[in-house]
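Listed here are the chains, written in short residue letters.
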Amino acid sequence: MGKGNTNESQIQDIESSIIISTQEKMYFVVQLLRGLTEEGFYTRFLIVKKNKKTIARIAFPSSEDVKNLSVNINNNNNDCILECNYGGGENFYSRYFYFRCAKDGLYLYKIVGTHFIPDSDKKIIKKRYIHPQINIKRINFLYYLENTP
C-alpha cells in the first residue's frame, strides 16, 4: 500500500449537507466535512458534486490562518450560502458567500460581510456583487477572509 497525500483527510465526518436541484433536472450536493490529516491536524473542507460526480474539493484555512473560523452551509431558494464566522477579542467578522447554480457548476455571485465590535453599537455590513461570477472550483476563500476591512 502506498502512502496517501498527507494533506488529505484520513478520518472524515460530514458536518452538513445540502442538495440543490435545477430546472434542467440536474442536482448539486454540497457537503461540509471535517477530519484529521495523517499529521493529526484538524481540517475542514467542502465537497461539491454534480449528478454524483465530484466537481470541486476545497480545503478551508486552518485556525492558525484565520482565528476561530467556523463554517456552515445553507440552502436558500436553490442557492448555496456558505457562512464563515471568525475573529475574537475586539473584532468579530462574518462572510456570507452566495453561490447560484449554472449549467456546469456553482458560481459565486455575492458576498455579504459583517464587522461587529462587542460592547459597542458598531456593526458594519458590506455587500459585494461579483462580476464576472467565479466558479466554485476556482474560489480562494482565504483571500476573502484575510482581506477583512
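Being a predicted model, the structure only gives us computed values, none of them experimental.

Chemist: When you look at the overall build of the protein chain in this model, what are you seeing that I'm missing?
Modeler: In terms of regular secondary structure, the protein chain is built from one helix and nine strands. The linear arrangement of helices and strands in the protein chain, starting from the amino end, is β-β-β-β-β-β-β-β-β-α. Among the 149 residues that make up the protein chain, the fraction classed as buried is 42%. Contacts in the protein chain between residues at least 24 apart in sequence constitute 40% of all its contacts with a sequence separation of at least 6. Summing over all exposed atoms, the protein chain offers an accessible surface of approximately 9,200 Å²; the carbon and sulfur share of this is 47%.

Chemist: What exactly am I supposed to notice about the nonpolar core here?
Modeler: Most often, soluble globular proteins keep nonpolar side chains buried together rather than apart. If you look at the biggest cluster of nonpolar residues, it comprises 31 residues, and the most contacted ones within it are Leu46, Leu82 and Phe97. The greatest single-element share of this core, amounting to four residues, is contributed by strand β6 (residues 79-88).

Chemist: Quick question: what am I supposed to make of the confidence of the model for the protein chain here?
Modeler: As a note on interpretation, predicted positions should not be read in detail where pLDDT is low. Of the residues in the protein chain, 86% have a pLDDT of 70 or more, and the chain-wide mean is 82. Note on residues 1-11: pLDDT under 50 across the span, and 22 contacts to partners over four residues away in sequence or across chains.

Chemist: Just to check I follow, could you spell out the pattern of salt bridges for this structure?
Modeler: Two side chains bearing opposite charge may form a pair once their charged atoms approach each other closely. Following the criterion strictly, the structure yields two salt bridges and no others. Arg34 serves as the salt-bridge partner of Glu15, at 3.4 Å between the closest nitrogen and oxygen. Here the residue Glu15 occupies a position in strand β1 (residues 11-21), and Arg34 occupies one in strand β2 (residues 27-36), the gap between them amounting to 19 residues. On the basis of relative accessible area, Glu15 is assigned to the partly exposed category, the value being 25%.

Chemist: What should I look at first to understand unusual backbone geometry in this one?
Modeler: Note: most residues except glycine have negative phi, and most peptide bonds are trans. The linkage connecting His131 with the following residue, Pro132, adopts the cis geometry, with an omega of -10 degrees. Its identity is not glycine, yet Lys52 carries a phi of approximately 75 degrees, on the positive side. Among the structural elements, Lys52 can be located in the loop between β3 (42-50) and β4 (53-59). At Asn68, a residue that is not glycine, the phi angle is positive and equals roughly 55 degrees. On the secondary structure map, Asn68 appears in the loop between β4 and β5 (70-76).

Chemist: Would you mind going over the environment of His115 with me for this structure?
Modeler: For His115, the position within the fold is in strand β8 (residues 105-116). Distance from His115 to Phe92, taken between C-alpha atoms, is 5.9 Å for residues 23 residues apart in sequence. Within the structure, His115 has its side chain in polar contact with the side chain of Asn91 (distance 2.6 Å).

Chemist: What is the right way to read the side chain of Thr114 from this model?
Modeler: Residue placement: Thr114 occurs in strand β8. Here Thr114 is in contact with Phe92, Tyr93, Ser94, Arg95, Lys123, Ile124 and Ile125, once residues within four sequence places are set aside.

Rules used throughout
- Residues numbered from 1 in each chain as written.
- Predicted model: local features only at pLDDT ≥ 70, side-chain atom pairs only at ≥ 80, totals over all residues.
- Heavy atoms only, no water.
- Helix = DSSP H or I, 4+ residues; strand = E, 2+ residues; numbered from the N terminus.
- Buried < 20%, exposed > 50% of the residue type's maximum accessible area, 1.4 Å probe, protein only.
- Contact = heavy atoms within 4.5 Å.
- Areas by Shrake-Rupley, 256 points an atom, 1.4 Å probe, with all protein chains shown as cover.
- Core = buried A, V, L, I, M, F, W, Y, C linked by side-chain atoms within 4.5 Å.
- pLDDT = per-residue confidence, 0-100.
- Salt bridge = Lys/Arg side-chain N within 4 Å of Asp/Glu carboxyl O.
- Polar contact = N/O pair within 3.5 Å; in protein donor to acceptor, adjacent residues only side chain to side chain.

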